[in-house]
Amino acid sequence: MSTIAEHHDAAPVRHGPPPPPRGWRRLLYPGMLRAAWMVPLFFGIGSAIVVLCRWWGNYQPIWFGEIIVLIGALIAAPIGFLAGIGAFDYWVRYAIGSPTKPEDHSGHGAYSWRDYFRVNTDHKVIGMQYLATTIFFFLAGGLLAMLVRAELAKPGMQFFDNQTYNGLFSVHASLMIFLFVIPAFAGLANFVVPLMLGAPDMAFPRLNALSYWLLPIAGIMMLSSFLVPGGAFASGWTGYAPLSVHQPLGTIFFNMGVQWAGASSIMTALNFLVTIITMRAPGMTFWRMPLLVWANFTTSLLVVIATPFIAGSQFFVMFDRVMHTHFFDVGAGGYPLGYQHIFWFYSHPAVYIMMLPGFGIASEVISALSRKPIFGYRLMALSLMAILVLGFSVWAHHMFVSGMAPWLRVPMMITTLMIAVPTGIKVFSWLATIWEGKLNFATPMLWAVGFVSMFVIGGLSGIYLGAVPIDIHTSDTYFVVAHIHYVLFGGSLFTIFAGIYYWFPKMTGRQYNEKLGKLHFWLTFVGFNLTFFPMHLIGTQGMPRRVSDYAPQFGNWNLFISVASFALGASTIVFLYNMVTSMRRGAPAEANPWRALTLEWQVSSPPPIFNFDEIPQVVGNPYEYGVPDARHAVLNGDRAATDTEVRSH
Amino acid sequence: MRRGSIVQLIVIGVLAGAVASAVALIPDWLPTSASREAGRIDFVFWFVTAICIFVFSIVAAVTIYSVWKFRVKPDDDSDGPPIHGHTGLEILWTAVPALLVTSIAIVSAIVLAKDDAAGANPLRVNVYAQQFFWSYGYPGYGNKISSVLRVPVNRSVVLTMHSRDVIHSFWVPEFRQKQDLVPGVHATLHITPNKVGTYPVICTELCGLGHALMRSRVVVMEPAAFEQWAEKKTK
């Protein structure tokens, strides 16, 4: 695999970390080896605190497995892991007053595969770490979905018992949401946004590294819940109380997994906000930012405001369980509906957290590969902001049948339907962008246009669910399953694929295989529609969601859906094969294979270790395709030409 | 735009609309309608469907036409026309969807208000849910308890929800009505059955191990038969 450093053999500073010391001192050197002994050490410390407290307070039983798992394995051990790999080294040295290592950029760049397994502060390396990790959990979540579909192929029980089945779809959804869609967008943005801004890195590189390393912790936590007594958490990714309070041990793996993933999201979002606000290249005003940057700006605002609410909701459930608080215990004055209000106050904006970055990717790809300026750039940016604001006023549309205050339904319906307006603006503007363009249907463009068409279907089924009377009938049926997959698969996942193919040459320095990319798209596109469209029908006809068994009348459709879903799953193999072989043996990529104007394409593929040898000067809008002599930015030696242009803008 | 391309665009739009209409009309999207509320909810369903087919046809026409007409070879280096926007169009596609969703909101709000209003002299029934059983109590008939919901046809029924453990949800697809049963919350649901028959009661809120099996039946009876059943002391 080509690494970012290859292009910098002549760099004056020797990049990369100093070689690790030999002998026993190596155990103290930050990395996996140190983590290997610090994890059990911290687990022991955490467990000892629990046991000592219980012994001192005489709480029986003193050795209480559930609390030991919670404090020792789910809180202390991950901190030990982070400390072991060196995520805190700089801050600890600073805090205790010992000399911090001066910034020699030794954390930057990747020179061998090992450099992807250490704390790396280079946003490009972190972006790749994010993508590799999220694709791993995408495969894990996808396999769980295959198991779900295998069970549903026939009415009656085939392979699993009910608790296992409930665990399968719960972990499937949680992995796909918290470990794939949200962080995959964060990974793409991590790689691309600093480049697009003309910045050498993110604003807080060490925080960036820490945000990444929280992710595998969350993912392993959620997956490993299958191994504990009682099985995986099984109350859905929504984890409604009071059911979730009284589930087997696996539930706290979800409660804590969400904390680690959520912390990762919040840190990354803060990092993006500061980076976007303070590190734009000279001349890049807000109205000259690419729409991907706009999208990540609004997404980050959503994350920072909303994510603490899901953290709170999961803590409340866990406290009810381990501390016997009574947030959701009616008998003791608790309020179960409170859980849903808090949960959806995050989880509805989360839908936009999972969609707005995709809107940004679609805008980049569609404009560059249609060779036309994005249609209505300012309205595109403003509609992102409109979705951000409206997104916080619609959460109760998940609760139309929940028994909440009935008067809330009509106002929440109105705001919900109103979100269709800015969303519609975006769809129509993309269509107007491709209108009369010169459409190059390379793989990213297929995914982007495929996204627009699938997202329209997902948006229209959203109108059905937004209208209260229809929602009363379709709520918690397969219609909802169809809708979320049209939005999150046809929407988010299609744009993630568009982004991966679009920036693949920039990230790896190699070109992916175009034929395999197109094959991957068509297999997925057809398989996706055959799998999820019939779900609308069986939903309105009366099949509820989250059931391992169903009425025989739905047998034929479910068999059809299961077979289609296996084909859909198999299409992923084409993707993986293409990625792995192209990364190793693909043709070397040009700096700018798409002839795009945004800044990331103005540097080599892969980019130099600090992105820009010279700070770029932004002189115009990012999408001026077809405008004679238009430029977005000026780099390297064009100073004479620049001065007049800067003045004239 | 030339006249020829406008005609082509319209033809594609009509074809897309025809396909979408076929998808909407050929399969039975909704189960039998067995309550007055179902009739109204179905009206909203088809109202929204008509609007969605309209929007889908426009989007499909533009997408298919563009993919068909504007694709170029990968080695084509030319750029498209530098069109940055069009204020009139942008106002149009802000205003028209806003009007459409407003009309949906108004129709929905009216139907919701009608469905929420109980008719005169309603039959009151308590719905009890616990993992993983349904039972029904008739306060007007000496708190008679039944494991099957029996209701008379053409009389308003007010169901009051009681959950004994976790959240469940009461759904009869043929009535199109659904209501969660949350511990401590006694929500009501109004149903006016208008078709004699037996329909499934389905729990639609994940309630644990036996969720998929938490089923019961509702039997809509002639009023005389219902009275006869209800007056009997035993189940």
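Just so it is clear, the model here is predicted, and its values are computed rather than measured.

Within chain B one finds 4 helices and 10 strands. Each helix and strand of chain B, ordered N terminal to C terminal, gives the series α-α-α-β-β-β-β-β-β-β-β-β-β-α. Rg of the C-alpha trace for chain B: 25 Å, well past the compact-globule value of 18 Å for 235 residues, more than 25% over. Across chain B, contacts joining residues at least 24 apart in sequence account for 72% of those joining residues at least 6 apart.

Here the focus is the overall build of chain A. Broken down by element type, chain A carries 19 helices and 2 strands. Taking 26 Å as the expected radius of gyration for a compact globule of 649 residues, we find that chain A reaches 25 Å, a close match to that expectation. Along the three orthogonal principal directions, the C-alpha set of chain A runs to about 75 × 65 × 45 Å. Scored against the burial criterion, the 649 residues of chain A give a buried share of 59%.

All names here are of chain A. Splitting chain A by domain gives domain 1 (4-17 + 118-585) and domain 2 (18-101). Distance from the C-alpha centre of domain 1 to the C-alpha centre of domain 2: 32 Å. In this assembly, 15 residues from domain 1 lie in contact with 16 residues from domain 2. Put simply, the parts of the chain that give the side of domain 1 that touches domain 2 at least two residues each are α6 (205-224) and α7 (250-278).

Residue and element names in this part refer to chain B. Strand order across the open sheet formed by 5 strands is β4-β10-β9-β6-β7, with mixed pairing between neighbours. The open sheet terminates on both sides in strands that have one partner only, identified here as β4 (149-152) and β7 (177-181). Along the sheet, successive strands turn relative to each other by an average axial angle of 25°, direction set aside. Two strands pair when backbone bridges link them, and strand β9 (residues 197-203) and strand β10 (residues 215-221) are joined in this way by 6 bridges, in the antiparallel orientation. If you follow Pro 200 over to β10, its bridge partner there is Arg 217.

Right, let's get into the packing of α7 of chain A against helix α8 (residues 291-322) of chain A. Residue and element names in this part refer to chain A. At their nearest, the axes of α7 and α8 sit 8 Å apart, and the two run at 155° to each other. When the axes of α7 and α8 are compared, the pair comes out roughly antiparallel. Crossing handedness for the pair α7 and α8: left-handed. Counted by class, the contact of α7 with α8 contains 16 nonpolar, 8 polar and 1 charged residues.

Time to look at the interface of chain A and chain B. Listed as interface residues are 73 residues of chain A and, on the opposing side, 70 residues of chain B. Going through the elements one at a time, α5 (162-197), α9 (336-353), α11 (377-391), α12 (409-418), α13 (420-434), α14 (443-466), α15 (468-474) and α17 (514-541) of chain A are the ones with two or more residues in the side of chain A that touches chain B. Counting residues per element, the side of chain A that touches chain B draws most heavily on α13 of chain A, which supplies 9 residues. Among the residues making up the side of chain A that touches chain B, the classes are represented as 44 nonpolar, 20 polar and 9 charged.

To continue, consider the pairing of strand β1 (residues 123-130) of chain B. Residues and elements named next belong to chain B. In β1, alternate side chains face the same way, and those of Leu 123, Val 125, Val 127 and Ala 129 are buried while those of Arg 124, Asn 126, Tyr 128 and Gln 130 on the opposite face are not. The pairing of β1 with strand β5 (residues 157-163) spans 7 bridges and is classified as parallel. Bridging across to β5, Tyr 128 finds its partner in His 162. Pairing geometry for β1 and strand β2 (residues 133-138), over 5 bridges, is antiparallel. Looking at β2, one finds that Gln 130 is bridged to Phe 133.

Turning next to the confidence of the model for chain A. With 94% of its residues at a pLDDT of 70 or more, chain A shows a mean pLDDT of 91. Segment residues 1-12 of chain A: pLDDT under 50, and 23 contacts once partners within four positions in sequence are set aside and those in other chains are kept.

Below, the discussion takes up helix α3 (residues 87-116) of chain B. Taking 1.5 Å of rise per residue, the 30 residues of α3 of chain B would be expected to cover 44 Å, and the 43 Å separating its terminal C-alpha atoms lies within 8% of that figure. Here α3 of chain B has its buried residues at Trp 93, Pro 97, Leu 100, Val 101, Ile 104, Ala 105, Ser 108, Val 111, Leu 112 and Asp 115 of chain B. Those residues of α3 of chain B that are buried lie in contact with α12, α13, α14 and α15 of chain A together with α2 (36-69) and β8 (188-191) of chain B.

Right, let's get into the packing of helix α4 (residues 123-152) of chain A against helix α18 (residues 555-585) of chain A. Residues and elements named next belong to chain A. The N-to-C vectors of α4 and α18 enclose an angle of 160°; their axes lie 9 Å apart at closest approach. On the basis of the axis angle, α4 is roughly antiparallel to α18. Crossing of α4 against α18: the hand is left-handed. For the pair formed by α4 and α18, the contact residues are Leu 139, Gly 142, Ala 145, Met 146, Arg 149, Ala 150 and Leu 152 on the first element and Asn 558, Ile 561, Ser 562, Ser 565, Phe 566, Gly 569 and Thr 572 on the second. Here the residues of the contact of α4 with α18 sort into 7 nonpolar, 6 polar and 1 charged.

All names here are of chain B. Domain parsing of chain B yields domain 1 (3-116) and domain 2 (123-231). Each of domain 1 and domain 2 has a C-alpha centre, and these two points are 38 Å apart. Tallying the contact residues gives 11 residues for domain 1 and 14 residues for domain 2. The set of elements that each furnish at least two residues to the side of domain 1 that touches domain 2 consists of α2 and α3. For the side of domain 1 that touches domain 2, the element with the highest residue contribution is α2, accounting for 4 residues. Broken down by class, the residue content of the side of domain 1 that touches domain 2 amounts to 4 nonpolar, 3 polar and 4 charged.

Okay, unusual backbone geometry next. Residue and element names in this part refer to chain A. The residue after Gln 60, namely Pro 61, is reached through a cis peptide bond having omega -10°. Note that Pro 61 resides in the loop between α1 (32-57) and α2 (65-85). Not every positive phi belongs to a glycine, and Arg 595 is a case in point at roughly 50°. Take Arg 595: it is sitting in the loop between α18 and β1 (617-618). By the C-beta count within 10 Å, which is 14 here, Arg 595 ends up partly exposed.

Right, let's talk about the sheet that holds β2 of chain B for a bit. Residues and elements named next belong to chain B. Pairing is mixed in the open sheet, where 5 strands are placed in the order β3-β2-β1-β5-β8. This sheet does not close on itself; its edge strands, each paired only once, are β3 (144-146) and β8. Neighbouring strand axes in the sheet, compared pairwise and without regard to direction, differ in orientation by 25° on average.

On to the nonpolar core. Residue and element names in this part refer to chain A. If you look at the biggest cluster of nonpolar residues, it comprises 264 residues, and the most contacted ones within it are Ala 218, Ala 362, Val 365, Ala 448 and Ala 498. For this core, the element with the most residues is α5, which contributes 23 residues. Ignoring sequence-local partners within four residues, the contact set of Ala 498 consists of Ile 361, Ala 362, Val 365, Pro 444, Trp 447, Ala 448 and Phe 451.

About the thresholds
Residues numbered from 1 in each chain as written. Chains lettered and ligands numbered in written order. Predicted model: local features only at pLDDT ≥ 70, side-chain atom pairs only at ≥ 80, totals over all residues. Helix = DSSP H or I, 4+ residues; strand = E, 2+ residues; numbered from the N terminus. Rg over C-alpha atoms; globule rule 2.2 N^0.38 Å. Contact = placed C-beta atoms within 7 Å. Buried ≥ 20, exposed ≤ 12 C-beta atoms within 10 Å, placed from the backbone. Domains from an automatic or database assignment. Pairing = 2+ DSSP bridges. Axes fitted to C-alpha atoms, helices over the stretch in contact; angles between N-to-C directions. Parallel < 35°, antiparallel > 145°, perpendicular 65-115°, else oblique. Left-handed = near helix turned anticlockwise from the far one by under 90°. Nonpolar A, V, L, I, M, F, W, Y, C, P; charged D, E, K, R; others polar. pLDDT = per-residue confidence, 0-100. Expected span 1.5 Å × (residues − 1). Core = buried A, V, L, I, M, F, W, Y, C linked by C-beta atoms within 7 Å.

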